[in-house]
Amino acid sequence: MDEIEAGFEKIMQKIEDMKKTDAKLSEQVKTHDGQLLERMAAMVKPVVKSIGLNMLKIGKQDTKNEIYDANYYTEKMIVLGKTDPAAFRPDDPSKKITDQFCVLSEKGKFYELMYSSDGFITDSYLNPIDPKSAIDQYGYDIMFMLYQAMHDYMKSETELIAALEKVMGYVFAAPRKA
């Protein structure tokens, strides 16, 4: 019984040591999370250009809340997160924010996309934000969403290449003799 108890104590000690190491490593990651997010953004720029959306800059709303006469930002963006809107926009304190998103542009820059609406006009403000502030404001969800975008894009590209290889093999295959 003493050997079993000694073995159990060793296992418990290893678990405690691992918890301490885990906490130390987690703290190091948290200290450098902004740098990691910035590097991920730099790597994903071509992906954003390919899969990103043209986000609404300004548009008019009809009686059914449909947008018309829309004007869009020229840079494509991907939405990484959403937060409770701030009280007002930095560019115009008289405009209340209705929706607020963290986006990444095709140039690898992070922004807060802030939408305001007065019932007739919906317009937005693109507020630049650094990666560390983006994590502080929107949480680690934005890092996960960026990773997920990279993962999904790579998977779809792999599937596309495999499909194209099959098509090319079929198109250029030697004709079968009957």
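This text gives an overview of the structure that appears in the document. Here the structure is a predicted model, which is why all the values come from computation and not from measurement.

## Thoughts on a negative patch on the surface
Move 1: A cluster of acidic side chains, namely Asp2, Glu3, Glu5 and Glu9, defines a negative patch on the protein surface.
Move 2: A relative accessible area of 63% places Asp2 in the exposed class.

## Some points on the pattern of salt bridges
Move 1: Per the stated rule, a full pass over the model turns up seven salt bridges.
Move 2: Residue Lys95 pairs with Asp123 through a salt bridge whose shortest N-O separation is 2.6 Å. With a gap of 28 residues between them, Lys95 in the loop between strand 2 (67-83) and strand 3 (99-105) and Asp123 in strand 5 (residues 121-128) connect regions that are remote in the sequence.
Move 3: Judged by relative accessible area, which is 27%, Lys95 ranks as partly exposed.
Move 4: Note on Asp123: relative accessible area 11%, which makes it buried.
Move 5: Salt bridges linked by common partners bring Arg89, Asp91, Lys95 and Asp123 together as one network.

## Looking at the pairing of strand 2
Move 1: The sheet contact formed by strand 1 (residues 53-61) and strand 2 spans six bridges and is antiparallel. Paired with Asn54 across the strands is Lys76, a residue of strand 2.
Move 2: Two successive antiparallel strands, strand 1 and strand 2, enclose a turn made up of five residues, where Asn65 displays a positive phi of approximately 65 degrees.
Move 3: Relative to strand 3, strand 2 runs antiparallel, the two being bridged by six bridges.

## Focus: a nonpolar patch on the surface
Move 1: A surface patch of nonpolar side chains, amounting to about 240 Å² of accessible area, comprises Ile11, Met12 and Ile15.
Move 2: Here Ile11 lies in helix 1 (residues 2-31).

## Quick notes on the sheet that holds strand 4 (residues 110-117)
Move 1: Strand order in the closed barrel made by the five strands is 1-2-3-4-5, with antiparallel pairing throughout. Strand-to-strand twist in this sheet, taken as the mean axis angle between neighbours without regard to direction, amounts to 45 degrees.
Move 2: As paired elements, strand 1 and strand 5 share three bridges and run antiparallel to each other. Its bridge partner lying in strand 5, Lys60 is registered against Ile121.
Move 3: Contacting strand 1, strand 2, strand 3 and strand 4, helix 2 (residues 33-51) runs over the sheet at an angle of about 145 degrees to strand 2.
Move 4: Along the sheet, helix 3 (residues 131-138) contacts strand 2, strand 3 and strand 4; its crossing angle with strand 3, the most-contacted strand, is approximately 145 degrees.

## What to know about the packing of aromatic side chains
Move 1: Following the criterion strictly, the structure yields one aromatic pair and no others.
Move 2: Each ring, one from Phe101 and one from Tyr115, has its centre 6.3 Å from the other, and the planes form 75 degrees; the classification is edge-to-face. Highlighted residues: Phe101 in strand 3 and Tyr115 in strand 4, separated in sequence by 14 residues.
Move 3: The class for Tyr115 is buried, based on a relative accessible area of 10%.

## Let's talk about the packing of helix 2 against helix 3
Move 1: Following both chains from N to C, one finds helix 2 and helix 3 inclined at 110 degrees, their axes separated by 7 Å at the closest point. Considered as vectors, helix 2 and helix 3 are oriented roughly perpendicular to each other. Along its contact with helix 2, which presents Asp33, Gly34, Leu37 and Glu38, the element helix 3 presents Pro131, Lys132 and Ile135.
Move 2: Partitioning the contact of helix 2 with helix 3 into residue classes produces three nonpolar, one polar and three charged.

Rules of the game
Residues numbered from 1 in each chain as written. Predicted model: local features only at pLDDT ≥ 70, side-chain atom pairs only at ≥ 80, totals over all residues. Heavy atoms only, no water. Patch = residues over 30% accessible without salt bridge, like charges linked within 9 Å, V, L, I, M, F, W, Y side chains within 5 Å. Areas by Shrake-Rupley, 256 points an atom, 1.4 Å probe, with all protein chains shown as cover. Salt bridge = Lys/Arg side-chain N within 4 Å of Asp/Glu carboxyl O. Lys, Arg positive; Asp, Glu negative; His and termini not counted. Charge placed at Lys NZ, Arg CZ, Asp CG, Glu CD. Buried < 20%, exposed > 50% of the residue type's maximum accessible area, 1.4 Å probe, protein only. Helix = DSSP H or I, 4+ residues; strand = E, 2+ residues; numbered from the N terminus. Pairing = 2+ DSSP bridges. Axes fitted to C-alpha atoms, helices over the stretch in contact; angles between N-to-C directions. Contact = heavy atoms within 4.5 Å. Phe/Tyr/Trp six-rings, centres within 6.5 Å; stacked < 30°, edge-to-face > 60°. Parallel < 35°, antiparallel > 145°, perpendicular 65-115°, else oblique. Nonpolar A, V, L, I, M, F, W, Y, C, P; charged D, E, K, R; others polar.

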